[in-house]
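# Observations on the model geometry
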Amino acid sequence: MDYKDLVVKHKESLLEWTKENPAPLLRWLFDENVISETAYHGLLEKTQSNRIIGMLEMIWKDDSSCRKFMKVLREVQDYYPPELEAWLNEYYREPVKPAPAKPNEKKPKCSLLSILKPKVKKYSLPQASKDEDSKVAGTLRQARFKVPLITHKKNILKRTEKIVDHVDDEQSRTHIEIRYTDLFVTEEDDKTEVSQHEYFSLANRRARIYNHQKFQRIQPQELLSADPLTRKIPKRVKVKGIAGIGKSIAMQRVIHEWALGISMRNFTCVVDFTFRELNLITGKVSLLDLLSSRFNHLKGILPDLLKSPKCVLFLLDGLDEFKYRLNFEDQEKLINIDTKVPVQELVVSLIKASLLPEASIIITTRPSTDIPKKFFQKSAIILGFEKKQVEEYCSKFFKDSQVAQRVCNYIIENDNLFGLSFIPLYCYIICMALSNIFNSPNSPKKPFELNPPKTVSEVYYCYLYTVIRHHALKDEKKDASKKHIFSVVKMELMNLGKLAYHNLLSSKILFDKKDLETFGIKPKNLHSTFLTQILIRVKEEQVEMFSFFHMTIQEHLAALYCVVNLGEEDILEGLDFWFFGTSPNNTTKEILCDSTRLLDRDKLENLQMFTRFFMGLVKARLEGNLTGLTEILSNTFLNSLSQWFKCQFSKELPNPKTLNLLHCLMELQQDSVAKEVSPEIKRLNLFKMTLNIVDCAALYYILQYSPNKLEELNLGYANIGYQGLRRLGPILHKCESLFLRYNCLDKEAAILESSILRSPDCCVKKLFMCGNNIGSEGVLELWTALEKNNTVEELYLDITGFTETGTENIVSCLSQNRTLKTLTIVGNDIGEQGKQRMRDLSKRRSSLKIIGNFVDDMGLLDAYLGWVEELKVDRDQMDSVKNVDALQSVLQGLSLPAQGKAENMEKAKELKQKIQELLNAPKIPVKKI
């Protein structure tokens, strides 16, 4: 009998044995290339029994697939009844080459109905003989572990197979095997200071890291891989990431794949807890009791299991949500698995390895939560998606490939949305917001009444309206107007917004029933309103807690509450408070009174996203998109708002404040305000403010309206890269002094800058391009552009990676130029011929000062000495410098024979010594994860 005939003959038994738990079998068949990815995903979207029927239809078409199927069955037999193992023991053997079919012999077609109808005898387990009794007794202990552990895996697979969605929508797919998209991770830097909203802090850090190509893709199971330098396997791993970046989903993926038997197979048992669950424990508890109550099916084997803790992995998710304080400084208590202590002491003991030191632990948290790094052998930070993963996510999210492609293209072509989409949960919100706008061409749905969103605020407005409309229309006419829909849910929406606002100010993210009732929200009604789509219910026994499913949803609803309930004058006072902490003058408005009472003014940076949402919703109110909730703002209000922004830009503000104001103007999207405000912006200094593409879009938005020259735009060490420069390109010709030092710019960026210098409207007088790898091809383009340029007076090209080739046209081009007065080219190896060309150029252009050696200019030496001192403490600058090997270039330049003033020579010697000390300083090894 060949394997194909065997499978067909025993199809009913195979279906009966595997239909209750098809997940391991299907995944192993996919990994063994028995079924394709498309087929695998298609099967996962069927019911469990239909998954097996569909799979059998695929594999019984040829004997080769059936042979692989039998091999996989052997691998996963433990997941299924013992009858399957007995069947395999009898029938699974190396296949014999089948005899050739007789001529003209026809085989019956294999259809679902015809194959499942024939009956075969029920297979029963063979009985063990007396001679086998001793062997069976020897395996009793293994059998005692086997059943509860298989039950544990089955339970895990059942609760982890779906990624929770917050809107019921037939267009999206939720199975974790389909929707999960790989994340990116890098080494954690505990020295990084968070001085702004965590989203912006990470977005900026990503821009820097990606530009320097210092990121690596991670598979979740690799978190516990051996250190490449020490070869040691970490036992305690910390994973940081901002809200929505994918920490919980990554942990869900880890335990799901373990339960499938395809990763982390060195662990006998993996157990997981969320800190939200641990919050509900009020008394003292032992580790054994804690595990027994959550994993009751393991209760009988836990004491023996924990005697070999090396094979146990704990996943602890969401430390930032833990309500108890962790004290790592207290004297260590000697506790064991039976010792009853407060749950926070249990957590500390596990982290410090005073309890079960041989066990492995992965703990996730947001960056705002501090745990001493010394307790962890590996620390990582999740960076989210890159472009490829955004495309992959869209293709996995939508069932309709055409809709997926349209949504993906729209995201990528919009800098604001693309800059947001690196966070997986934001990507979900964007996809959901766009799902009703980009319907399938064959969809019977009525066209959605909203335009495609362009700003972050508009994305969230579309998402919120999608949720409200979806639920409100269950009881309303299908053609109900937007005004009517909003009016139906106004009371619930405002109660929810008030809850969001008050708790945003007090940094609270978890609420109990009493909290909800305080704000007029009745928990018993949650299931019958749209609120279930905004709040996540966290249930453990008889206790329920609630939270917004993402921090930005809370921020957006808080902003909506304020926009709806504040009058025109109150809005301006609110802006003063949210931006600068200025208390309102004699106000009786409840919102503003609550603000001064609840907000810690040292945490104003936490309101950055809130203020941007607020300004975007002011736009919605101005345009009548909040009718049904509040009245439209008057046009005169725009004049007041313009004056408020003009007043702010007339002040000396910290860089983050300036950038946030620019973003608020972009979210407002009012041309009249932008035109009024832009002339007030004469200088923008964003030095050392790492900028991402969305930041560059905000800069461009406001500066495009300026009728004047910009005296200075300082983007030094902003790490904008070519994409950032391209976004700013149309306005750079307005800048008299343009600082682009150390911005990860390349040849393409130099070509772009050259086109700016050729513009008849070019106003650039000083151009700083030092520390960028523009190379010889790049500078050749610059020389050509300068041939006819009549504005540039100073050009700084220190350490830009050009060689002798880059000087080929410098004499012919710059001989024609009459405005350039200073040219700095130190730190570039231009060779003897290059130096000769510089001497020739000096003869032709005697008024041009060429600084080709460090000893030529004392000011330059002082500047570089100060720069080296900064590098010792500034991670951002150090990364930029490493990117172009700048220190080595300077050192090489200082080592060249030179003549100059004695004081200059002494200063050059000092600079050379300090650079050597910096380069020889102990390096922290980069852990490859």
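Residues numbered from 1 in each chain as written. Predicted model: local features only at pLDDT ≥ 70, side-chain atom pairs only at ≥ 80, totals over all residues. Heavy atoms only, no water.

Right, let's get into helix α13 (residues 247–260). Between its first and last C-alpha atoms α13 spans 20 Å; for 14 residues at 1.5 Å apiece the expected length is 20 Å, and the two agree. Among the residues making up α13, those that are buried are Lys 247, Ala 250, Met 251, Gln 252, Arg 253, Val 254, Ile 255, His 256, Glu 257, Trp 258, Ala 259 and Leu 260. Just past α13, the residue Gly 261 takes up positive phi, approximately 85°. (Helix = DSSP H or I, 4+ residues; strand = E, 2+ residues; numbered from the N terminus. Expected span 1.5 Å × (residues − 1). Buried < 20%, exposed > 50% of the residue type's maximum accessible area, 1.4 Å probe, protein only.)

Glancing now at the pattern of salt bridges. Opposite charge on two side chains makes pairing possible when the charged atoms of those side chains draw close. Overall, the coordinates contain 32 salt bridges when judged by the stated rule. Lys 146 is the salt-bridge partner of Glu 85, the closest N and O atoms lying 3.8 Å from each other. In this pair, Glu 85 sits in helix α7 (residues 82–91) while Lys 146 sits in helix α10 (residues 140–160), placing the two residues 61 residues apart along the sequence. Overall, Lys 146 belongs to the partly exposed group, its relative accessible area being 33%. For Arg 159, the salt bridge goes to Asp 272, with nearest N and O atoms at 2.6 Å. Separated by 113 residues along the polypeptide, Arg 159 in helix α10 and Asp 272 in strand β4 (residues 269–274) bring together distant segments of the chain. The class for Arg 159 is partly exposed, based on a relative accessible area of 39%. A relative accessible area of 13% means that Asp 272 is categorised as buried. Linked through salt bridges whose partners overlap, the residues forming this network are Arg 27, Asp 31, Glu 177, Arg 253 and Glu 257. (Salt bridge = Lys/Arg side-chain N within 4 Å of Asp/Glu carboxyl O.)

The final tally for this structure, using the stated rule, is 36 aromatic pairs. Seen from their ring centres, Phe 768 and Tyr 796 are 4.3 Å apart, and the 5° between their planes marks the pair as stacked. Residue Phe 768 is found in strand β15 (residues 766–768), and its partner Tyr 796 is found in strand β16 (residues 794–796); the two are separated by 28 residues along the sequence. Overall, Phe 768 belongs to the buried group, its relative accessible area being 11%. With a relative accessible area of 18%, Tyr 796 lands in the buried category. (Phe/Tyr/Trp six-rings, centres within 6.5 Å; stacked < 30°, edge-to-face > 60°.)

Attention now goes to the confidence of the model for the chain. Low-pLDDT stretches of the model should not have their predicted coordinates read in fine detail. Scored by pLDDT, the chain has a mean of 83; 82% of the residues are at 70 or more. Predicted confidence for residues 95–141 stays below pLDDT 50, and this span has 35 contacts to residues more than four positions away or in other chains. Low pLDDT (under 50) marks residues 191–195, which in the prediction has two contacts with non-local residues, meaning those over four places away or in another chain. (pLDDT = per-residue confidence, 0-100. Contact = heavy atoms within 4.5 Å.)

What follows is about the nonpolar core. Ranked by size, the top nonpolar core spans 194 residues in total, and within it Phe 614, Phe 645 and Trp 783 carry the most contacts. Broken down by element, this core gets its largest block of residues, eleven residues, from helix α23 (residues 482–505). In this view, Phe 614 contacts Ala 559, Cys 562, Val 563, Leu 566, Ile 571, Leu 575 and Trp 578; residues no more than four positions away in its chain are not counted. (Core = buried A, V, L, I, M, F, W, Y, C linked by side-chain atoms within 4.5 Å.)

On the basis of which strands lie adjacent, the open sheet formed by seven strands has the order β12-β13-β14-β15-β16-β17-β18 and parallel pairing. The sheet is open, and its two borders are formed by β12 (683–685) and β18 (849–851), each paired with just one other strand. Going from strand to strand, the sheet's axes swing by 10° on average, the running direction of each strand aside. The pairing of β16 with strand β17 (residues 822–824) spans three bridges and is classified as parallel. Each bridged residue has a counterpart across the sheet, and for Tyr 796 the counterpart in β17 is Thr 824. (Pairing = 2+ DSSP bridges. Axes fitted to C-alpha atoms, helices over the stretch in contact; angles between N-to-C directions.)

Consecutive side chains along a regular strand alternate between the two faces of the sheet. Across the seven residues that make up strand β9 (residues 378–384), a large majority, seven, are buried. With four bridges connecting them, strand β3 (residues 236–240) and β9 associate as parallel partners. The residue bridging Lys 238 from the neighbouring strand is Ser 379, located in β9.

For the rest of this paragraph, the subject is unusual backbone geometry. One non-glycine residue, Lys 688, adopts positive backbone phi at about 65°. Among the structural elements, Lys 688 can be located in the loop between β12 and α32 (693–703). Note on Lys 688: relative accessible area 27%, which makes it partly exposed. Its identity is not glycine, yet Asn 719 carries a phi of approximately 55°, on the positive side. Locating Asn 719 in the fold gives a position in the loop between β13 (710–714) and α33 (721–728).

Put simply, helix α18 (residues 387–397) and helix α19 (residues 401–413) touch, their axes get as near as 8 Å, and they point 150° apart. In this view, α18 runs roughly antiparallel relative to α19, as classed from their interaxial angle. The interaxial crossing formed by α18 with α19 has right-handed handedness. Along the contact surface, α18 presents Lys 387, Val 390, Glu 391, Cys 394 and Ser 395, while α19 presents Ala 404, Val 407, Cys 408, Ile 411 and Ile 412. Residues that form the contact of α18 with α19 fall into these classes: seven nonpolar, one polar and two charged. (Parallel < 35°, antiparallel > 145°, perpendicular 65-115°, else oblique. Left-handed = near helix turned anticlockwise from the far one by under 90°. Nonpolar A, V, L, I, M, F, W, Y, C, P; charged D, E, K, R; others polar.)

Position of Asn 817 relative to the elements: it lies in the loop between α36 (810–816) and β17. A polar contact is formed between the side chain of Asn 817 and the backbone oxygen of Leu 786, at a distance of 2.7 Å. A polar atom in the side chain of Asn 817 sits 2.8 Å from the backbone nitrogen of Leu 820. If sequence neighbours within four positions are ignored, Asn 817 has contacts with Leu 786, Glu 787, Asn 789 and Arg 845. (Polar contact = N/O pair within 3.5 Å; in protein donor to acceptor, adjacent residues only side chain to side chain.)

Here the focus is the environment of Leu 780. You can see Leu 780 is positioned in helix α35 (residues 775–786). Sequence separation between Leu 780 and Gly 806 is 26 residues, and the spatial gap between their C-alpha atoms is 5.6 Å. Dropping the residues within four chain positions of it, Leu 780 is found in contact with Thr 805, Gly 806, Glu 808 and Asn 809.

Take the environment of Met 769 next. If you trace the backbone, Met 769 turns up in the loop between β15 and α35. The class of Met 769 is buried, set by a relative accessible area of 0%. Once the C-alpha coordinates of Met 769 and Phe 739 are considered, the two residues, 30 residues apart in sequence, prove to be 7.0 Å apart.

Further remarks concern the pairing of strand β14 (residues 735–739). For β14, a buried count of five out of five residues is recorded, marking the element as mostly surrounded by other parts of the structure. As for the winding sense of the linkage, the β-α-β connection from β13 through α33 to β14 is right-handed. Where β14 meets β15, three bridges bridge the pair, whose relative direction is parallel. Bridging across to β15, Phe 739 finds its partner in Phe 768. The β-α-β motif built from β14, the intervening helix α34 (residues 747–758) and the parallel element β15 has right-handed crossover chirality. (Right-handed = clockwise from strand over helix to strand, strands pointing away.)

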